[in-house]
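Residue strings, one per chain:
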Amino acid sequence: MTRITGVSLRRVLDSRGNPTVEADVLTESGGFGRGAAPSGASTGEYEAIELPAGESIAKAREHAVPRLEGLYAGDQRAVDAALRAADGTDDFSNIGANSAVAISMAAAKAAADVLGAPLYQHLGGAFRGENFPVPLGNVVGGGEHAKEATHIQEFLAAPVGAPSVSEAVFANAAVHAAVADVLDERGVPAAKGDEGAWAPPISDADAFEVVDEAVDRVEDEVGFEIRFGLDMAAAELYDDDREAYVYGDEAKSTDEQIEYVAGLVDEYDLAYVEDPLDENDYEAFAALTDRVGDRTLICGDDLFVTNVERLREGIDAGAANSILIKPNQIGTLSDAFDAVELAARNGYETVISHRSGETEDTTIAHLAVATDAGFIKTGTVGGERTAKLNELIRIADDAV
Ligand SMILES: C=C(OP(=O)(O)O)C(=O)O
Ligand SMILES: [Mg+2]
């Protein structure tokens, strides 16, 4: 039924206008699935390797496709094991994690198609579709996603009190619009960064004020609790030689960075702080988690890179209390699921995430519902972001 009869690969555009890999998987009973690889800009040092799209496709055609034909698309572990065997390395540096993840997602969708089940149900089972993740919406950003804007990479609206996923999604869009109003009132021009967030040429301190004000306005309008959070992407700020976090002319030692972030958590009642410290510093992550982990999520993105080995190290050290899950950081859905399960067994919250370079692919919306993730980070506006948000709304609509 779900036996794979064909896998085709092509180069398509991502949201930055770069080539990325799209995969189609066909099964003998006519099942069809399509997946496309996203791409990061502030990538973690320990991520699986993305090759140039053309090279990755050529390698995957030669090494992976012959192993996949004849396998059952519904046997996700077998498909993903075949991808790993075809690659033969730990980090997909032979065929590229971009082809691997595109094929892995396409196979899951082909299997769901044959089974006549929504993807989230095929991946997560009959009891999924009851809980929905809180969308974290990037409303102001800079760092590697927009030069000449904030040092902090992402300011994320978190509508934690929304009664439904649809109201949460619209609340984030309203915060995005309110940020534009507040910036306008202050006479600050703002372009948009890679993920559609406003990228104003203002200091981080001013950005906190702007986002706080925008969140307050929308909270008053909608009548439910909206907080906000950050992705500090601190590995990008950390200078190994100076052993300091560099914010333009200012530098902070690790202790000062911990103090700074703990102060922000208290001052702004932050719901979420991703990568507040360098990706190699489990100890500092543990110190900050110890300090504020009872009242906010400290999330590891570049720290864990969706990798069970790195997550296990973090759990042992007490570093962070949540993990960002990006399937292309590790290369397959099976590996991403393993990371989610290890996190859940150890009381770590799961946040399913897009990348700054995206396509119309909606797999992560299904993955978030399938894994019962507490949060999904997938932007606020822009077609490649709304593709996922609108899919979440459709899933919620169909699931009842
Ligand atoms: C989405 C992110 O950005 P990128 O895809 O550039 O790593 C992130 O850092 O969480
Ligand atoms: Mg991040």
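It should be emphasised that the depicted structure is a prediction, and the values quoted were computed from it without experimental measurement.

Asker: When you look at the coordination of the magnesium ion (ligand 2) in this model, what are you seeing that I'm missing?
Answerer: Each pair of donors in an ideal octahedron of six around a metal sits at 90 or 180 degrees, and each pair in an ideal tetrahedron of four sits at 109.5 degrees. Within the first shell, the magnesium ion (ligand 2) binds the protein through Asp231 (OD), Glu274 (OE) and Asp301 (OD), at distances of 2.0 to 2.2 Å. Positions of the donor residues of the magnesium ion (ligand 2) along the chain correspond to the pattern D-x42-E-x26-D. In this pair, glutamate 274 is assigned in strand E12 (residues 272-274) and aspartate 301 in the loop between strand E13 (297-300) and helix H10 (308-317), connecting sequence segments 27 residues apart. Here the two residues glutamate 274 and aspartate 301 agree in accessibility, since each one is buried.

Asker: I keep staring at the UniProt feature "domain: Enolase N-terminal" (unreviewed entry) in the protein and nothing clicks. Help me out?
Answerer: Cross-referencing UniProt, the feature "domain: Enolase N-terminal" (unreviewed entry) maps to residues 4-123 in the present numbering. With 42% helix and 20% strand, the stretch residues 4-123 has end C-alpha atoms that lie 18 Å from each other.

Asker: What am I meant to see in the site of ligand 1 here?
Answerer: Close to ligand 1 lie 16 residues; Ala41, His145, Arg355, Ser356 and Lys377 are nearest. One of the side-chain nitrogen or oxygen atoms of aspartate 231 is found 3.0 Å away from an oxygen atom of ligand 1. Side-chain polar atom of aspartate 301 to an oxygen atom of ligand 1: 3.0 Å apart, as the coordinates give it. Look at ligand 1: alone it shows 290 Å² of surface, and the protein chains cover 100% of it. Per-class residue counts for the shell around ligand 1 are 2 nonpolar, 6 polar and 8 charged. Residues from two domains meet in the shell around ligand 1; each of domain 1 (4-116) and domain 2 (134-399) gives at least three.

Asker: I tried to follow a negative patch on the surface on my own but got confused; where do I start?
Answerer: A cluster of acidic residues, Glu45, Asp240, Asp241 and Glu243, forms a negative patch at the surface. Locating aspartate 241 in the fold gives a position in the loop between strand E9 (238-239) and strand E10 (244-247).

Asker: Is there a simple way to think about the packing of helix H6 (residues 165-185) against helix H7 (residues 204-222) in this case?
Answerer: Packed helices, taken two at a time, are described by the angle between their axes plus the distance between the axes. Contact geometry for H6 and H7: axes closest at 8 Å, N-to-C directions at 125°. One element, H6, and the other, H7, form an angle in the oblique class. Crossing hand, H6 versus H7: right-handed. Side by side, H6 and H7 meet where Ala171, Ala174, Val175, Ala178, Val179, Asp181, Val182, Leu183 and Glu185 of the first sit next to Val210, Glu213, Ala214, Val215, Arg217 and Val218 of the second.

Asker: Sorry if this is basic, but what is going on with unusual backbone geometry here?
Answerer: Generally, phi is negative for residues other than glycine and the peptide bonds are trans, each holding for most cases. Its identity as a non-glycine residue notwithstanding, valine 305 has a phi of 45°, on the positive side. Structurally, valine 305 can be placed in the loop between E13 and H10. A relative accessible area of 1% means that valine 305 is categorised as buried. Of note in the backbone geometry, alanine 320 takes a positive phi value of approximately 70° without being a glycine. Positionally, alanine 320 belongs in the loop between H10 and strand E14 (322-325). The class of alanine 320 is buried, set by a relative accessible area of 4%.

Asker: What should I look at first to understand the domain arrangement of the protein in this one?
Answerer: Many descriptions give the size of an interface as the accessible area lost when the pieces come together. Domain annotation for the protein reports domain 1 (4-116) and domain 2 (134-399). For domain 1 and domain 2, the distance between their C-alpha centres works out to 27 Å. Contacts between the two partners involve 33 residues from domain 1 and, on the opposite side, 30 residues from domain 2. Here domain 1 and domain 2 share an interface that buries about 2500 Å² over both sides, 47% of which is from carbon and sulfur atoms. In this assembly, domain 1 and domain 2 are joined by 5 salt bridges. Between domain 1 and domain 2 we count 24 residue pairs in polar contact (both at pLDDT 80 or more) in total. Secondary structure elements with two or more residues in the side of domain 1 that touches domain 2: strand E3 (32-36), helix H3 (76-87) and helix H4 (97-115). The element best represented in the side of domain 1 that touches domain 2 is H4, accounting for 7 residues. Within the side of domain 1 that touches domain 2, the residues separate by chemical class into 14 nonpolar, 10 polar and 9 charged.

Asker: I'm lost on the packing of aromatic side chains in this one. Help?
Answerer: The tally for this structure, following the rule as stated, stands at 7 aromatic pairs. Ring plane angle 75° and centroid distance 4.9 Å describe the contact between phenylalanine 155 and phenylalanine 208, whose orientation is recorded as edge-to-face. Highlighted residues: phenylalanine 155 in strand E5 (residues 154-158) and phenylalanine 208 in helix H7, separated in sequence by 53 residues. For the pair shown, phenylalanine 155 and phenylalanine 208 are each scored as buried.

Conventions we followed
- Residues numbered from 1 in each chain as written.
- Chains lettered and ligands numbered in written order.
- Predicted model: local features only at pLDDT ≥ 70, side-chain atom pairs only at ≥ 80, totals over all residues.
- Heavy atoms only, no water.
- Donors = N, O, S within 2.8 Å, 3.2 Å for Na, K, Ca; no water.
- Helix = DSSP H or I, 4+ residues; strand = E, 2+ residues; numbered from the N terminus.
- Buried < 20%, exposed > 50% of the residue type's maximum accessible area, 1.4 Å probe, protein only.
- UniProt positions renumbered as here; feature names shortened; annotations may be inferred.
- Near = heavy atom within 4 Å.
- Polar contact = N/O pair within 3.5 Å; in protein donor to acceptor, adjacent residues only side chain to side chain.
- Areas by Shrake-Rupley, 256 points an atom, 1.4 Å probe, with all protein chains shown as cover.
- Nonpolar A, V, L, I, M, F, W, Y, C, P; charged D, E, K, R; others polar.
- Domains from an automatic or database assignment.
- Patch = residues over 30% accessible without salt bridge, like charges linked within 9 Å, V, L, I, M, F, W, Y side chains within 5 Å.
- Salt bridge = Lys/Arg side-chain N within 4 Å of Asp/Glu carboxyl O.
- Lys, Arg positive; Asp, Glu negative; His and termini not counted.
- Charge placed at Lys NZ, Arg CZ, Asp CG, Glu CD.
- Axes fitted to C-alpha atoms, helices over the stretch in contact; angles between N-to-C directions.
- Parallel < 35°, antiparallel > 145°, perpendicular 65-115°, else oblique.
- Left-handed = near helix turned anticlockwise from the far one by under 90°.
- Contact = heavy atoms within 4.5 Å.
- Buried area = accessible area lost by both parts, 1.4 Å probe.
- Phe/Tyr/Trp six-rings, centres within 6.5 Å; stacked < 30°, edge-to-face > 60°.

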